[in-house]
Amino acid sequence: MKRIFISLFILATFLWAKNIAYSDEVISLYLNQNDTKVIGRLLPTNAFEILKDQNDKVYIKINGYLNPKSPSVIYFNNSQRIIVAAFSKNTKLNFSYIKKGKNGKWDQVSLKIWADKKDFAKDNKKMLKRAKELFTNNCGICHTLHSEKEFNANAWPSVFRSMVNRTGIDKKDQWLIIEYLQKNAKDFKTK
Ligand code: HEC
């Protein structure tokens, strides 16, 4: 009896296990599977769930928070401008509302959308480590390295952008490093 329970438990965990993935680069998003028009971008280091895998696209579910004042951006938490995905204005997006934000906090939502298929990672540890290395190796050449904790999450994107042209950091790694810096900023909140 006990053994049956254990096998059932293992089977259930296997069936219900979500296919969570991460990208270390910016991924293009589309409303329909066969669209060529890009309507949004998913930014690196953020978790998403793969619901379907078809040819060169994946149908994914993105979770995050929506500021009612700027409903074309999904944010990582309910108060800081850490972008998970950003969409072109006026795109009709079919958000599912999970929880209404209170006291000026943003609404918790999820969104199902098509994305380009890439070699995704199962977790974001390695890519965050690479981001830290890129930051450390490139941003401490002319002056001592400014600590991740020196700036707030909302300040890092503009601080980074004002300096990045002085470095040899590849364009395709810039969002990876911005997400790393924001998620290690002095006021970073996980929720
Ligand atoms: C080629 C040299 C050089 C590199 C590389 C460089 N910086 Fe700077 N940084 C400077 C100079 C010079 C200043 C002084 C202010 C100015 O010139 O804008 C400065 C100033 C700063 C400041 C202080 C600005 C302020 O308003 O307090 C920060 C923060 C900073 N850099 C971060 C970075 C980061 C992050 C990187 C990597 C993306 C980086 N720097 C790469 C030359 C560099």
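Residues numbered from 1 in each chain as written. Predicted model: local features only at pLDDT ≥ 70, side-chain atom pairs only at ≥ 80, totals over all residues. Heavy atoms only, no water.

### Structural notes on the overall build of the protein
And step 1. Looking only at helices and strands, the protein features four helices and nine strands.
And step 2. When the elements of the protein are put in sequence order from the N terminus, they spell out α-β-β-β-β-β-β-β-β-β-α-α-α.
And step 3. In terms of principal-axis extent, the alpha carbons of the protein reach across some 65 × 45 × 40 Å.
And step 4. By the burial criterion, 40% of the 191 residues in the protein qualify as buried.
And step 5. Here the contacts in the protein between residues at least 6 apart in sequence split such that 64% fall between residues at least 24 apart.
And step 6. If the 34 positive side-chain charges of the protein are averaged to one point and the 17 negative ones to another, these points end up 8 Å apart. (Helix = DSSP H or I, 4+ residues; strand = E, 2+ residues; numbered from the N terminus. Buried < 20%, exposed > 50% of the residue type's maximum accessible area, 1.4 Å probe, protein only. Contact = heavy atoms within 4.5 Å. Lys, Arg positive; Asp, Glu negative; His and termini not counted. Charge placed at Lys NZ, Arg CZ, Asp CG, Glu CD.)

### Examining the coordination of the iron atom of the ligand
And step 1. For the iron atom of the ligand, the protein coordination sphere consists of His143 (NE2) and Met163 (SD), at 2.0 to 2.3 Å.
And step 2. Every donor counted, the six donor atoms about the iron atom of the ligand form angles of 88 to 179 degrees at the centre, which fits octahedral coordination. Of the two residues, histidine 143 is situated in the loop between helix H2 (125-139) and helix H3 (156-164) and methionine 163 in helix H3; the sequence distance between them amounts to 20 residues.
And step 3. On the accessibility criterion, histidine 143 (34% relative accessible area) is partly exposed.
And step 4. Overall, methionine 163 belongs to the partly exposed group, its relative accessible area being 33%. (Donors = N, O, S within 2.8 Å, 3.2 Å for Na, K, Ca; no water. Tetrahedral: all angles 85-135°; square planar, octahedral: opposite > 155°, others 65-115°.)

### Side note on the packing of aromatic side chains
And step 1. Under the definition given, this model contains seven aromatic pairs.
And step 2. When the ring of phenylalanine 48 is compared with that of phenylalanine 120, the centres are 5.0 Å apart and the planes differ by 85 degrees; the resulting orientation is edge-to-face. Here phenylalanine 48 is found in strand E4 (residues 48-54), whereas its partner phenylalanine 120 is found in the loop between strand E9 (107-116) and H2, with 72 residues between them in sequence.
And step 3. Take phenylalanine 48: its relative accessible area is 2%, and that puts it in the buried class.
And step 4. Both rings, one in phenylalanine 135 and one in tyrosine 180, keep their centres 6.4 Å apart while their planes meet at 50 degrees; by these two values the pair is tilted. (Phe/Tyr/Trp six-rings, centres within 6.5 Å; stacked < 30°, edge-to-face > 60°.)

### Description of the pairing of strand E2 (residues 27-30)
And step 1. Of the two faces of E2, the one holding Ile27 and Leu29 and the one holding Ser28 and Tyr30 are both buried throughout.
And step 2. Summarising the sheet, E2 and strand E3 (residues 40-42) pair through three bridges and their orientation is antiparallel. The residue of E3 that forms the bridge with leucine 29 is glycine 40.
And step 3. The sheet contact formed by E2 and E9 spans two bridges and is antiparallel. By the bridge assignment, tyrosine 30 is partnered in E9 with tryptophan 114. (Pairing = 2+ DSSP bridges.)

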